[in-house]
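Residues per chain, in single letters:
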Amino acid sequence: MTDRRHEELIKKTIVLAKTAMGNTSPNPLVGAIIVKNGEVIALGYHKKAGMPHAEINAINNARDLKGASLYVNMEPCSHLGRTPPCVDAIIRSGITRVYVGMLDPNPIVAGKGVDKLKSHGLKVTTGILQKECYRLNEFYIKYITRGLPFVILKSAMTLDGKTATSSGDSKWISNDKSRKFVHKLRSEVDAIMVGSGTLLKDDPLLTVRMGRKANPSPLRVIIDRALRINERANVLKNTDVAKTIIFHGASAKAKKVQKLTEKGVQLVKVHEKDGALNLREVLKRLAKEEITSVLVEGGAALHSSFINNSLADKMYLFLAPKLMLCGRSKPVFDGREISGKNKGSSGKDLIKDLRSVSINQVRRFDDDIMVEFYF
């Protein structure tokens, strides 16, 4: 079989894995294909944490596996977790060759699965479409290697860089198709985050309301240093649909903390840094709750804080064919300089010292343009 054919099959495992997007956390997205005599005889993917892994599902969907080859986008596990080790089932199955997209960065696995397969006489090839496999599981990889969730920023703006009028009105800058895509993004992450300003201005639900999702809506996370939240806010309702956690500082009044706690909301006090909550501490607390990804939907100050503290990984920026042409309208960021330590030795803001980003894709949703980029 040619290298190109091996790559085609790994691509298919990636497509299979995406079937469960938003449902496997804190586990990775994994797809598996079994081939015998050049023909695909079984498929499988990991559907949800605690359920059988992709390799097991593929094995269970096949009959005679003697001499077959297994293709999988991530190294099979070799440890006992929520489910038994996949490598043991592979060894028993009669499969003789395994093709792996990438090694599992989890220290518990990290090459041990491949080593065990080889020690039992199976031939293993690794590193097939490794970049694509990494991109598929970027949430899992950051979470498992750095102990932090993957952070995505999202904002919509006019062509002159504004997100709201001077009165704070922002509904709707983007069109229906763009907003539908955002709900798809919501369905793929573990948590949705907003700051207190956005909460007070827009009173969002922060739930998935377009498309279907096997799991409940993502965790709703509120950054509210002084607990300014209205006690009738939408995020305090529909707790059967989505849970809410509010991070606050020491200045929050004990009476307000008690009232919100009585509503079934989880409140967490974290340290403050430069007059704002310590976002790194917030992310670490979320990681302890097995939150592997966070979609930050605003506002401008919160977005700027994530960028200034080098905590943002990716951004989706929607550009609508509209102009505000008003100096008092709200910008996509809060106006504080974000060049930070990249500022030149002259101490001035210079074009050559601006932050660079890596554009991954540009898409159109009717007249809206969406730019997806990495920090």
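Residues numbered from 1 in each chain as written. Predicted model: local features only at pLDDT ≥ 70, side-chain atom pairs only at ≥ 80, totals over all residues. Heavy atoms only, no water.

A. The arrangement of the overall build of the protein chain in detail. Regarding its fold elements, the protein chain presents 11 helices and 18 strands. Computed over the C-alpha atoms, the radius of gyration of the protein chain is 23 Å, within 12% of the 21 Å expected from 2.2 N^0.38 for a compact globule of 375 residues. Its C-alpha atoms give the protein chain principal-axis dimensions of about 70 × 50 × 45 Å. For the protein chain, with 375 residues in total, the buried portion stands at 51%. Sequence-distant contacts in the protein chain: of pairs separated by 6 or more residues, those separated by 24 or more amount to 71%. When the accessible surface of the protein chain is totalled, it reaches about 18700 Å², and 50% of it is carbon and sulfur. (Helix = DSSP H or I, 4+ residues; strand = E, 2+ residues; numbered from the N terminus. Rg over C-alpha atoms; globule rule 2.2 N^0.38 Å. Buried < 20%, exposed > 50% of the residue type's maximum accessible area, 1.4 Å probe, protein only. Contact = heavy atoms within 4.5 Å. Areas by Shrake-Rupley, 256 points an atom, 1.4 Å probe, with all protein chains shown as cover.)

B. The arrangement of the sheet that holds strand E5 (residues 123–125) in detail. With mixed pairing, 5 strands are arranged side by side in an open sheet as E2-E1-E3-E4-E5. What marks the edges here is a single partner per strand, and that holds for strand E2 (39–45) and E5. Shown here is a sheet whose adjacent strand axes are inclined to one another by a mean of 20°, direction ignored. As defined by bridge partners, strand E4 (residues 97–102) adjoins E5 across 3 bridges and the pair is classed as parallel. (Pairing = 2+ DSSP bridges. Axes fitted to C-alpha atoms, helices over the stretch in contact; angles between N-to-C directions.)

C. How the structure looks around a nonpolar patch on the surface. A cluster of nonpolar side chains, Val357, Ile359, Val362, Ile369 and Phe375, forms an exposed patch at the surface whose accessible area comes to about 420 Å². Among the secondary structure elements, Val362 is positioned in strand E17 (residues 358–365). By relative accessible area, Val362 is classed as exposed at 52%. (Patch = residues over 30% accessible without salt bridge, like charges linked within 9 Å, V, L, I, M, F, W, Y side chains within 5 Å. Salt bridge = Lys/Arg side-chain N within 4 Å of Asp/Glu carboxyl O.)

D. Quick look at the environment of Leu295. Assignment of secondary structure puts Leu295 in strand E14 (residues 293–296). In this structure Leu295 comes out as buried when scored by relative accessible area, which is 0%. Residues Leu295 and Val194, 101 residues apart in the sequence, show an inter-C-alpha distance of 8.8 Å. Excluding residues that lie within four positions of it along the chain, Leu295 makes contacts with Ile152, Lys154, Leu185, Arg186, Val189, Ala191, Ile192 and Met193.

E. Quick peek at the pairing of E2. Where strand E1 (residues 31–36) and E2 come together, 6 bridges link them in antiparallel fashion. Bridge pairing in E2 links Gly31 to Tyr45. In sequence, E1 turns back onto E2 through a hairpin of 2 residues, with Asn37 there showing a positive phi of about 55°.

F. View of the packing of aromatic side chains. In the structure shown here, the tally under the stated rule is 7 aromatic pairs. Arranged with centres 5.4 Å apart and planes meeting at 75°, the rings of Phe373 and Phe375 form a pair that is edge-to-face. Classification of Phe373 by relative accessible area gives buried; the value is 9%. Judged by relative accessible area, Phe375 falls into the partly exposed class, the value being 37%. (Phe/Tyr/Trp six-rings, centres within 6.5 Å; stacked < 30°, edge-to-face > 60°.)

G. Geometry of the pattern of salt bridges. With the rule as written, the count across this model stands at 17 salt bridges. Its salt-bridge partner being Glu8, residue Arg4 comes within 3.9 Å of it at the nearest N-O pair. With Arg4 and Glu8 both in helix H1 (residues 3–18) and 4 residues apart, this pair spans about one turn of that helix. Between Arg135 and Glu138 there is a salt bridge, and its shortest N-O distance comes to 3.7 Å. Residues joined in a network through salt bridges with shared partners are Arg135, Glu138, Lys314 and Glu372.

H. How the structure looks around the nonpolar core. In this structure, Ile34, Ile90, Ile95 and Val98 are the most contacted members of the largest nonpolar core, which totals 45 residues. In terms of residue count, H1 provides more of this core than any other element does, 5 residues in total. Sequence-distant contacts of Ile90, defined by excluding residues within four places in its chain, comprise Glu55, Ile59, Leu70, Pro76, Ile95, Val98, Leu117 and Leu122. (Core = buried A, V, L, I, M, F, W, Y, C linked by side-chain atoms within 4.5 Å.)

I. Summary view of the sheet that holds strand E9 (residues 219–223). Strand order in this open sheet of 9 strands is E11-E10-E9-E8-E14-E6-E15-E18-E17, and the pairing throughout is mixed. Each end of this open sheet is capped by a strand with a single partner; those strands are strand E11 (266–269) and E17. Neighbour to neighbour, the strand axes of the sheet diverge by 20° on average, direction disregarded. Pairing of strand E6 (residues 150–158) with strand E15 (residues 314–320), which is carried by 7 bridges, proceeds in the parallel orientation. Bridging across to E15, Lys154 finds its partner in Tyr316. Taken strand by strand, helix H7 (residues 176–188) contacts E6, strand E8 (191–195), E14, E15, E17 and strand E18 (368–374), and its axis lies near 165° from that of E15.

Purely spatial values, then, with no claim about function.
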